[in-house]
Amino acid sequence: AKGAGKDRHERFEPIMHSAALARLELATALRTAVAGRELLLHYQPIVDTRTGRIDGVEALLRWPHPQRGFISPDEFIPVAESIGVIGDLGNWVLRTACTRVSQWPNLRLAVNVSPLQLGPALPGQVRAALADAGLSADRLTLEITETMLAADSPHVRACLQEIAADGVKLAVDDFGTGHSSLSRLRSFPIHELKIDKSFVIGLATGDSHPGLVAGVIALAHGIDLEVVAEGVESSGEYILLKNLGCEHAQGYHLGRPVPPEDIDALLRQHPTQ
Ligand code: C2E
Ligand code: CA
Ligand code: CA
Ligand code: CA
């Protein structure tokens, strides 16, 4: 007769094995895709609620996988980080997005940055991307997350200070999901808070509490930060946020992430200058 241990082993090994294999396959495919420049950028409009016009876009990575269709960046960014390709990939995103947005008059650009990119090389890479694209620094915002500030490493601080000194803006992404203290936020050269979509979706229908969002907006304004709301999915949410003084809004109601050609078309209909 088999022991319980062996039994358990036989039952669970194939499952663990297939999960590990799937991870490995994903990592291998991603490595190939990054080397072969198979990833794409889509751009999602960001609207200035004071004018009602598109005044910027956020660049969002897309990976068209031959078998699986588009794989979510929430799934492959952690893999890119763990196999050490996020530096190359992040620099490609920066350069590609700066070049594209330089063709759209007056439009601002927001780019997501992985914590692993926050090192001594980043300020130079940002400068080079801007210079090569002919994009002025004040049109670029880098989006970082609360956890990057929470660690409070001197290297991260130096990196962000150098980037901000060049005139590039910094936004704290997914605000409200981490736990950054206000005093710590103030000690970094941050320009903007981006309220996480989990607080915005359902705002107009009572599924999310307007008082909470109103509080975050007031708090941000109290320390001279502007506010972007993401996940704006209805006109009710948009109007509420606008009335609360939220300067910028982004979400499916205002425009989904789309290929650059679609932004071209959008700007022909609604010129920004
Ligand atoms: P994020 O930076 O918080 O980006 C916003 C996400 O919300 C995007 O998901 C966007 O498509 C989605 N979204 C926008 N409007 C709405 C809405 O109205 N409702 C809902 N439910 N969702 C909305 P996406 O494109 O799947 O990206 C997921 C995450 O992957 C991003 O979250 C970001 O953390 C990461 N990511 C994407 N591109 C890059 C990149 O170039 N570099 C790095 N490091 N991370 C990236
Ligand atoms: Ca973002
Ligand atoms: Ca976000
Ligand atoms: Ca997010």
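The structure under discussion appears in the preceding block.
Bear in mind the structure is a predicted one, so any value in this text is a computation, not a measurement.

Chemist: Looking at this structure, how should I read the overall build of the chain?
Modeler: If you tally the helices and strands in the chain, you get eleven helices and nine strands. The globule rule puts the C-alpha radius of gyration for 273 residues at 19 Å, and the 21 Å found for the chain is close to it. Along the longest, intermediate and shortest principal axes, the C-alpha atoms of the chain span 75 × 45 × 40 Å. Taken over 273 residues, the chain has a buried fraction of 44%. For the chain, restricting intrachain contacts to residue pairs at least 6 apart in sequence, the fraction spanning at least 24 positions comes to 67%. Counting 25 positive and 33 negative side-chain charges, the chain places the centres of these two groups 3 Å from one another.

Chemist: Looking at this structure, how should I read the coordination of the calcium ion (ligand 3)?
Modeler: When four donors bind a metal tetrahedrally, each ideal donor-metal-donor angle is 109.5 degrees, and when six bind octahedrally, the ideal angles are 90 or 180 degrees. Looking at the metal site, the calcium ion (ligand 3) is ligated by Asp173 (OD), Asp174 (OD), Glu230 (OE) and Glu230 (OE), spaced 2.3 to 2.6 Å from it. All donors of the calcium ion (ligand 3) belong to a single chain; written as a sequence motif, their spacing is D-D-x55-E. Here the calcium ion (ligand 2) and the calcium ion (ligand 3) are spaced 4.0 Å from one another, each receiving a donor from Asp173. In this pair, Asp173 sits in strand E6 (residues 169–175) while Glu230 sits in the loop between strand E8 (226–229) and helix H10 (235–243), placing the two residues 57 residues apart along the sequence. Taken individually, Asp173 and Glu230 each receive the classification buried, so the pair is uniform in this respect.

Chemist: How should I be thinking about the packing of helix H3 (residues 86–101) against helix H4 (residues 122–133) in this particular structure?
Modeler: How two helices sit against one another is set out by the angle between their axes and by the gap between those axes. Direction vectors running N to C along H3 and H4 enclose 25°, while the axes themselves pass 8 Å from each other. If you check the angle between H3 and H4, you find them roughly parallel. Read as a crossing pair, H3 and H4 show a hand that is right-handed. Two secondary-structure elements touch here, H3 through Asn91, Leu94, Arg95, Cys98 and Thr99 and H4 through Gln125, Val126, Ala128, Ala129, Leu130, Asp132 and Ala133. Residue composition of the contact of H3 with H4, grouped by class: seven nonpolar, three polar and two charged.

Chemist: Mind showing me how you'd approach the coordination of the calcium ion (ligand 4) here?
Modeler: Protein-derived ligands of the calcium ion (ligand 4) are Asp174 (OD) and Asp174 (OD), with the metal-ligand distances lying across 2.9 to 3.0 Å. Separating the calcium ion (ligand 4) from the calcium ion (ligand 3) is a gap of 3.9 Å, which Asp174 spans by donating to each of them. Of note, Asp174 is situated in strand E6.

Chemist: Whenever I open this one, the layout of surface pockets confuses me. Can you help?
Modeler: Over the atoms, a rolled probe matching the size of one water molecule traces out where space is still vacant. Approximately 1000 Å³ is the volume attributed to the largest pocket. Along the walls of the largest pocket sit 37 residues, with Glu58, Leu60, Pro73, Asp74 and Asn112 positioned nearest its centre. Residue assignment for the lining of the largest pocket shows that the elements contributing at least two residues are strand E2 (53–65), helix H2 (73–82), H3, strand E4 (108–112), strand E5 (140–145) and E6. Its residues placed into classes, the lining of the largest pocket shows 17 nonpolar, ten polar and ten charged.

Chemist: I keep staring at the environment of Val113 and nothing clicks. Help me out?
Modeler: Considering the arrangement of structural elements, one finds Val113 in the loop between E4 and H4. On a C-alpha basis, the gap between Val113 and Leu40 in space is 16 Å, while along the polypeptide they are 73 residues apart. Setting aside residues up to four positions removed in sequence, Val113 forms contacts with Leu118, Leu122, Leu142, Glu143, Ile144 and Met148.

Chemist: Explain unusual backbone geometry to me, please; I cannot follow it from the model alone.
Modeler: Peptide bonds are, in most cases, trans, and in most cases residues other than glycine have a negative phi. The phi dihedral of Arg37 is positive, around 55°, even though this residue is not glycine. Following the sequence through the fold, Arg37 ends up in the loop between helix H1 (4–35) and strand E1 (40–48). One non-glycine residue, Asn106, adopts positive backbone phi at about 70°. Here Asn106 shows up in the loop between H3 and E4. Residue Asn106 is classed as partly exposed on the basis of its relative accessible area, which comes to 46%.

Chemist: So what exactly am I meant to see when it comes to the site of ligand 1 here?
Modeler: Near ligand 1 lie 23 residues; those nearest to it are Arg62, Asn112, Asp173, Glu233 and Tyr252. Contacts to ligand 1 include Glu58, whose side-chain N or O atom sits 3.3 Å from an oxygen atom. One nitrogen or oxygen atom from the side chain of Lys197 is found 3.0 Å from an oxygen atom belonging to ligand 1. Taken by itself ligand 1 offers 800 Å² of open surface, and the protein chains cover 86% of this. Every element with two or more residues in the shell around ligand 1 is listed here: E2, H2 and E6. By residue number, the principal contributor to the shell around ligand 1 is E2, which donates four residues. Of the residues belonging to the shell around ligand 1, the class tally is ten nonpolar, five polar and eight charged.

Rules behind the numbers
Residues numbered from 1 in each chain as written. Chains lettered and ligands numbered in written order. Predicted model: local features only at pLDDT ≥ 70, side-chain atom pairs only at ≥ 80, totals over all residues. Heavy atoms only, no water. Helix = DSSP H or I, 4+ residues; strand = E, 2+ residues; numbered from the N terminus. Rg over C-alpha atoms; globule rule 2.2 N^0.38 Å. Buried < 20%, exposed > 50% of the residue type's maximum accessible area, 1.4 Å probe, protein only. Contact = heavy atoms within 4.5 Å. Lys, Arg positive; Asp, Glu negative; His and termini not counted. Charge placed at Lys NZ, Arg CZ, Asp CG, Glu CD. Donors = N, O, S within 2.8 Å, 3.2 Å for Na, K, Ca; no water. Axes fitted to C-alpha atoms, helices over the stretch in contact; angles between N-to-C directions. Parallel < 35°, antiparallel > 145°, perpendicular 65-115°, else oblique. Left-handed = near helix turned anticlockwise from the far one by under 90°. Nonpolar A, V, L, I, M, F, W, Y, C, P; charged D, E, K, R; others polar. 1 Å grid on protein atoms, 1.4 Å probe; cavity = no way out; pocket = protein on both sides within 12 Å on 5 of 7 lines; lining within 4 Å. Points joined across faces, edges and corners; volume = space filled by probe spheres on them. Near = heavy atom within 4 Å. Polar contact = N/O pair within 3.5 Å; in protein donor to acceptor, adjacent residues only side chain to side chain. Areas by Shrake-Rupley, 256 points an atom, 1.4 Å probe, with all protein chains shown as cover.

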